[in-house]
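So the chains spell out like this:
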Amino acid sequence: MLSMGVRRRWSRQVFEELYRDGAPWDIGRPQPVFLELADSGRVRGSVLDVGCGSGENALLFASRGHETLGIDHVPAAIELARHKARQRALAATFEVGDALMLGDLRARFDNVIDSGLLHVLGGAEKRALEAGLRRVLRPGGGYFLLCFCDREPGDHGPERISEARLRGLFASDWEIVELRQVRSQVTAEKSVHFTPGGPRAWFAEIRRPVAGRPSP
Ligand code: SAH
């Protein structure tokens with residue numbers, strides 16, 4: 001038997017099962033912090049949602065007129081996101097794809113949003129995501145992140161990420177414009193596993209430099 005301290009690996013199969021059984025993050029509306037971001041006017045231009053799940057955050061930005069692509073490696077989640085886009089008559093595009101291979105996408109984006117992807121990735125995977133973000137974001141583009149923070153107690157669900165870990169991951173050639181503690185939302189049924197009011201989480205705005213530095 002695995003001890004409580006051993007985190008299960010977040011394989012695609014695990015996600016497929018979670019979508020079948022009712023995924024804790026699949027709340028049927030955007031995360032409040034992304035709603036606040038959309039209202040703030042800080043997001044301009046196109047939006048890529050990495051690990052978009054059933055698409056609520058991507059659909060929010062599409063509803064505000066942003067050209068939006070969502071990618072996820074679970075086909076059932078992408079089908080659901082496309083269905084919602086059709087029902088709401090929104091022009092968002094959703095594709096089955098690997099968020100760790102962003103450099104393979106032909107398009108480049110002004111913004112990337114990440115609601116709950118980074119905190120399910122292992123160390124090498126986090127670095128692969130960061131490398132892909134460098135390639136897929138236009139100069140000056142922003143990566144907007146929501147992930148569990150290490151002030152959330154317990155070990156149910158995803159990794160709790162420390163501020164030092166986040167800053168370390170984006171230490172070179174990124175600007176951390178904002179990093180603050182917020183609450184993430186989970187379904188009512190799964191909320192018993194977390195701090196009342198929602199898991200403590202980080203919200204970060206992390207930007208690429210406007211112009212690349214000349215090579216040494
Ligand atoms: N952003 C969504 C889903 C968050 S859960 C929301 O806020 O509701 C994390 C999502 O990342 C899951 O949908 C999972 O299928 C997806 N995911 C995990 N690893 C991935 C990978 N390598 N490529 C694409 N999607 C991935």
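Residues numbered from 1 in each chain as written. Predicted model: local features only at pLDDT ≥ 70, side-chain atom pairs only at ≥ 80, totals over all residues. Heavy atoms only, no water.

### Overview of unusual backbone geometry
Phi is mostly negative for residues that are not glycine, and the peptide bonds are mostly trans.
And then number 1: Even without being glycine, alanine 89 reaches a positive phi, approximately 55°.
And then number 2: In this fold, alanine 89 is placed in the loop between α4 (75-87) and β3 (93-96).
And then number 3: Given the relative accessible area of 69%, alanine 89 is considered exposed.
And then number 4: Positive phi, normally seen in glycine, also occurs at aspartate 173, with a value near 65°.
And then number 5: Its location among the elements puts aspartate 173 in the loop between α6 (163-169) and β6 (175-183). (Helix = DSSP H or I, 4+ residues; strand = E, 2+ residues; numbered from the N terminus. Buried < 20%, exposed > 50% of the residue type's maximum accessible area, 1.4 Å probe, protein only.)

### Brief notes about the site of the ligand
And then number 1: The environment of the ligand is made up of 17 residues, and the closest members are Tyr19, Gly51, Asp72, Ala99 and Ser115.
And then number 2: Within the side chain of aspartate 98, a nitrogen or oxygen atom sits 3.0 Å from a nitrogen atom of the ligand.
And then number 3: The separation between a nitrogen atom of the ligand and a polar main-chain atom of alanine 99 is 2.8 Å.
And then number 4: Protein contact buries 94% of the 570 Å² of open area that the ligand shows by itself. (Near = heavy atom within 4 Å. Polar contact = N/O pair within 3.5 Å; in protein donor to acceptor, adjacent residues only side chain to side chain. Areas by Shrake-Rupley, 256 points an atom, 1.4 Å probe, with all protein chains shown as cover.)

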